[in-house]
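Chains, contacts and geometry: an overview
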Number of protein chains: 2
Amino acid sequence: MNDLDVFFNPKSIAIIGASESIKFGHSMTNYLLNSQFKTFPINIGKKKIFGHEAYENIGEVPEDIELAIIVVNNEHVLQSVKECVKKGVKGVIIESAGFSETGNATLSNIQSEIEDIAKNENIRIIGPNCVGVTNFMNKFTTTEINFEEAVERGKISVIAQSGVLGNIFVDWAASQKIGLNKIITLGNKVDVDEIDILDYLEKDQNTKVITLYLEGVKRGAEFIHRMKSMSKPILVMKNGRSNIGSKAIQSHTGSIAGNDKIYDSFFKQFKGIYRINNFYEMFDIANAFATQFLPKGKNIAITTSSGSLGALACDLIDKMGLNLANLSKSTMEEISLIAPNWISARNPVDLGPSSFSTFRPSLKLLMNDSNVDALLNIFAVPKMPIKTYSIPISPQLRDMKLLSRSTGKPIITCVYGSRWVLDYFLKYSGKFSLSIMTQIDHALKAFKMMFDFGKSHNST
Amino acid sequence: MNDLDVFFNPKSIAIIGASESIKFGHSMTNYLLNSQFKTFPINIGKKKIFGHEAYENIGEVPEDIELAIIVVNNEHVLQSVKECVKKGVKGVIIESAGFSETGNATLSNIQSEIEDIAKNENIRIIGPNCVGVTNFMNKFTTTEINFEEAVERGKISVIAQSGVLGNIFVDWAASQKIGLNKIITLGNKVDVDEIDILDYLEKDQNTKVITLYLEGVKRGAEFIHRMKSMSKPILVMKNGRSNIGSKAIQSHTGSIAGNDKIYDSFFKQFKGIYRINNFYEMFDIANAFATQFLPKGKNIAITTSSGSLGALACDLIDKMGLNLANLSKSTMEEISLIAPNWISARNPVDLGPSSFSTFRPSLKLLMNDSNVDALLNIFAVPKMPIKTYSIPISPQLRDMKLLSRSTGKPIITCVYGSRWVLDYFLKYSGKFSLSIMTQIDHALKAFKMMFDFGKSHNST
């Protein structure tokens, strides 16, 4: 058993600094105390927290504690960690901030002492200056997550350095119905770092793709070795390209950003590692990896209700080194038969305002064309006709799933227009394992990366 | 009076091919017949359309008609145009598709005949293959727009080639509370083209910024001359960078995309013309131009609740040739006084989870710092605390408006996280003239373009 399991499936938990007052850690305390996870609140001044018996310190808890979550003020953190060691706790998550990231020598020294404890004692520590972990498999979380609010379980696991950003990822993913599996925020990394988590996620059967937000790494050689040997796709976002950006990182989590060019050439060197510059792009692409088949070739077919967006997609296909699929003659002839005379039966197949009657038969023809490896569906239909005529979209979406499954080819849908139309699609994305985005460039980048990944990892 | 006024403020309208059946043009017919615009339905086989007397052809209408909207099938369009000429109609919008974009010689010839009519007769024609115009000032539209659904009137006017894309712009802008002024879709451009519309919008007092989606221009020299002498910022999106993209454009609106490098160097040459590659970016930046002061320098202050996103913004500031503002000593000292000890009083000002108590006083200090020219506010707060503690955001937003007005400096807010948090902000964007986006790169590009524009147009 991996010693990091305690962070994702703890048998018993203590929250050190648990409080009913409205401050950091309040929602998490409330959630865990009322969950299936055996949780003990620790608070020096309270007898009860949310109706549960509270203890003055962790030593007093009458049972073994596997995981401690520390949310006390920075000056009390070192003492709390020492008490955890004494209690025989296996894992500690320090969420409190105010250590090396402040630039203050005293606070940095305290962080070093904690680091030494992790080195010398039989205990693993995540943090400080983070919001810990969330596991969507068993709904365990050490941060403010509302599992009832449409947060979907998926196959993407997220490694983030920053606490706030970790929670923001969850919120945004929920809005887009992007399913997540595990989230780990690392903070100042006195012990557990990205290498440990990559080890863990590599073996985690529920994780299919990993997104990694990085501010800097301490164990460079090991990091390179670990990244090199991963069998799962990793999407990396790394700040600190510039001097001012590097300085900002240092006052954020005390990390040294390092020479960006070295990172860049390193990320380019390894198959399956992709550097991304944009947070939305990272999750859109991760979701395509998580939900779609890998394309076996670079030939992309396009269906679109907007000729302009179809032309834009062509430019991007060219830019990214993909091919616009040469449709077979029979496909073009059959599309001509079912479509009005003003429709272009060439690729991109511009369905214009006829999308609703011609999309389904066209989709079938395109997906079964042996010259097509992947389909980009650009859905740009104004809200009004869909709403006015109550046009059902779900049969189209079901077809997409069935055809994708029967042909083993991926489909990405890009929805342009109002949020209402997008939400209409997203309602079905879980049910039909769809990959839905709002930007064509994200979709085509995803196809390119997925094709490359398939080529380099085709033995797996 | 400009002869294009008839397209935006017609005194009387005929819809040729008006129909009650659920097909293209149905909603527009219903809207116009029940609007303040005097509208006559023309249909060869019906006596009544939506309860209004219908005429067999436009010649029978007992009153003068200023504008005719043609939505009949392509084979009847030429005859309809001839009847419009006979009737003395001033402007015609041909929405029907199926002309030169099909590649069919007969249909292209019909288009040429219509082109000749526009040249030789006293009539102006928009289209074919478009959805005409929308004017948010008087709520006149020849397409499917629902003015009741939160479409805001603003200062951005939009020139689009494609019909579908035109409507999609409106839907998306409405979702983002981006206010529009006029939208013109040009289609195959037998007569009215982007040069005519740029002439018109240059003089239009309600238009402050123009977005232009382009597939190709026919009158190259005049186009360059017109663009060169515009006094308003123009954001251009031009497809057809690649060969396959150019081909797609030809089958879309029959346009010749032209050599992309020529366009590119041309767009770079003129002050106030900015090429954009992404539709969302185009509108985000247009909205910043429409709602914010131009920054007088390149020194950007950042407030953020996420250190990671603050660092990302620093990298982008560097990349775009902007400066991270050197805050004056007094600003930093005063921020230190009001903020918890773990907050970085340097720029970027990382407010972390304290954003709610420290944002307003920090904002005031930063906006009044003479070393600061513009403020980027990165709001990355998870939904849960805002919802759980019912934290009010509107006082912060009001402060932003008042401080922007008193200092003459722009503010752009980037909201990261759930759609719910974004919508919370958008509720106030109209009231407080806010510029709200979801991507930091759009915000910083906007600041850069607005600074450049101010520098080159500072006499205006």
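Residues numbered from 1 in each chain as written. Chains lettered and ligands numbered in written order. Predicted model: local features only at pLDDT ≥ 70, side-chain atom pairs only at ≥ 80, totals over all residues.

Quick notes on the overall build of chain A
The helix and strand tally for chain A stands at 17 helices and 20 strands. Against the 2.2 N^0.38 benchmark of 23 Å for 460 residues, chain A shows a C-alpha radius of gyration of 25 Å, consistent with a compact globule. Reported as C-alpha extents along the three principal axes, the dimensions of chain A are approximately 80 × 50 × 40 Å. Within chain A, the proportion of its 460 residues that are buried is 57%. Pairs at least 24 apart in sequence give 73% of the contacts found in chain A among residues at least 6 apart. (Helix = DSSP H or I, 4+ residues; strand = E, 2+ residues; numbered from the N terminus. Rg over C-alpha atoms; globule rule 2.2 N^0.38 Å. Buried ≥ 20, exposed ≤ 12 C-beta atoms within 10 Å, placed from the backbone. Contact = placed C-beta atoms within 7 Å.)

Points about the sheet that holds strand β7 (residues 124-126) of chain A
Residue and element names in this part refer to chain A. A sheet is described by the order of its strands in space; here five strands give the open sequence β2-β1-β5-β6-β7, paired in parallel fashion. Both outer strands of the open sheet, β2 (38-42) and β7, are each paired with one neighbouring strand and no more. Across the sheet, the mean angle from the axis of one strand to that of its neighbour is 20°, orientation sign disregarded. Examined bridge by bridge, strand β1 (residues 12-16) and β2 share five bridges and lie parallel to one another. Each bridged residue has a counterpart across the sheet, and for Ala-14 the counterpart in β2 is Phe-40. The strands touched by helix α2 (residues 26-33) are β1 and β2; relative to β2, the strand with the most contacts, the crossing angle is about 140°. (Pairing = 2+ DSSP bridges. Axes fitted to C-alpha atoms, helices over the stretch in contact; angles between N-to-C directions.)

Quick word on helix α11 (residues 307-319) of chain A
Residues and elements named next belong to chain A. Under the 1.5 Å per step criterion, the end-to-end length of α11 is 19 Å for 13 residues, consistent within 8% with the ideal 18 Å. Summarising burial for α11: eleven of the 13 residues are buried, a large majority. Listed in full, the buried residues belonging to α11 are Gly-307, Ser-308, Leu-309, Gly-310, Ala-311, Leu-312, Ala-313, Cys-314, Asp-315, Leu-316 and Ile-317. Within two residues after α11, Gly-321 carries a phi angle of roughly 75°, on the positive side. (Expected span 1.5 Å × (residues − 1).)

Here we look at the domain arrangement of chain A
Residue and element names in this part refer to chain A. Taken domain by domain, chain A comprises domain 1 (5-126), domain 2 (133-289) and domain 3 (293-456). Each of domain 2 and domain 3 has a C-alpha centre, and the two are 30 Å apart. Considering every element that reaches the side of domain 2 that touches domain 3, the biggest residue donor is helix α10 (residues 279-291), with six residues. Of the residues in the side of domain 2 that touches domain 3, the class split is five nonpolar, three polar and five charged. (Domains from an automatic or database assignment. Nonpolar A, V, L, I, M, F, W, Y, C, P; charged D, E, K, R; others polar.)

What to know about the interface of chain A and chain B
Across the contact, 65 residues belong to chain A and 65 residues belong to chain B. Sorting elements by how many residues they give to the side of chain A that touches chain B places α11 of chain A first, with eleven residues. Along the lines of polarity and charge, the residues of the side of chain A that touches chain B split into 28 nonpolar, 26 polar and eleven charged.

Thoughts on the sheet that holds strand β10 (residues 153-160) of chain A
All names here are of chain A. With mixed pairing, seven strands are arranged side by side in an open sheet as β9-β8-β11-β10-β12-β13-β14. With one partner strand each, in any of the chains shown, β9 (140-141) and β14 (273-275) form the two edges of the open sheet. In this structure, β10 lies alongside strand β11 (residues 180-185), joined through six bridges in parallel fashion. Along β11, the bridge assignment pairs Val-158 with Ile-183.

Focus: the relation of the copies chain A and chain B
Once chain A is rotated about the relating axis by 180° and shifted along it by 0.0 Å, it coincides with chain B to within an RMSD of 0.1 Å. Both copies of the chain, as the preceding transformation shows, are related through a two-fold rotation axis. Ranked by how close their C-alpha atoms come to the rotation axis, the residues of chain A are headed by Arg-419 of chain A, at 4.7 Å. Counting the interface residues of chain A, we find that 100% of their copies in chain B are interface residues as well, pointing to one common contact surface. (Least-squares fit on C-alpha atoms with pLDDT ≥ 70 in both.)

Looking at unusual backbone geometry
Residue and element names in this part refer to chain A. With omega at 0°, the peptide bond leading from Asn-347 into Pro-348 counts as cis. If you check the backbone angles, Lys-139 has positive phi at about 60° while not being a glycine. Residue position: Lys-139 is located in the loop between β8 (133-135) and β9. The residue Lys-189 is not glycine, and still its phi comes out positive at about 55°. Position of Lys-189 relative to the elements: it lies in the loop between β11 and α6 (194-203).

Structural notes on the environment of Ile-285 of chain B
Residue and element names in this part refer to chain B. As for its position among the elements, Ile-285 is in helix α10 (residues 279-291). Take Ile-285: there are 28 C-beta atoms within 10 Å of it, and that puts it in the buried class. For the pair Ile-285 and Lys-90, spaced 195 residues apart in the sequence, the C-alpha separation amounts to 35 Å.

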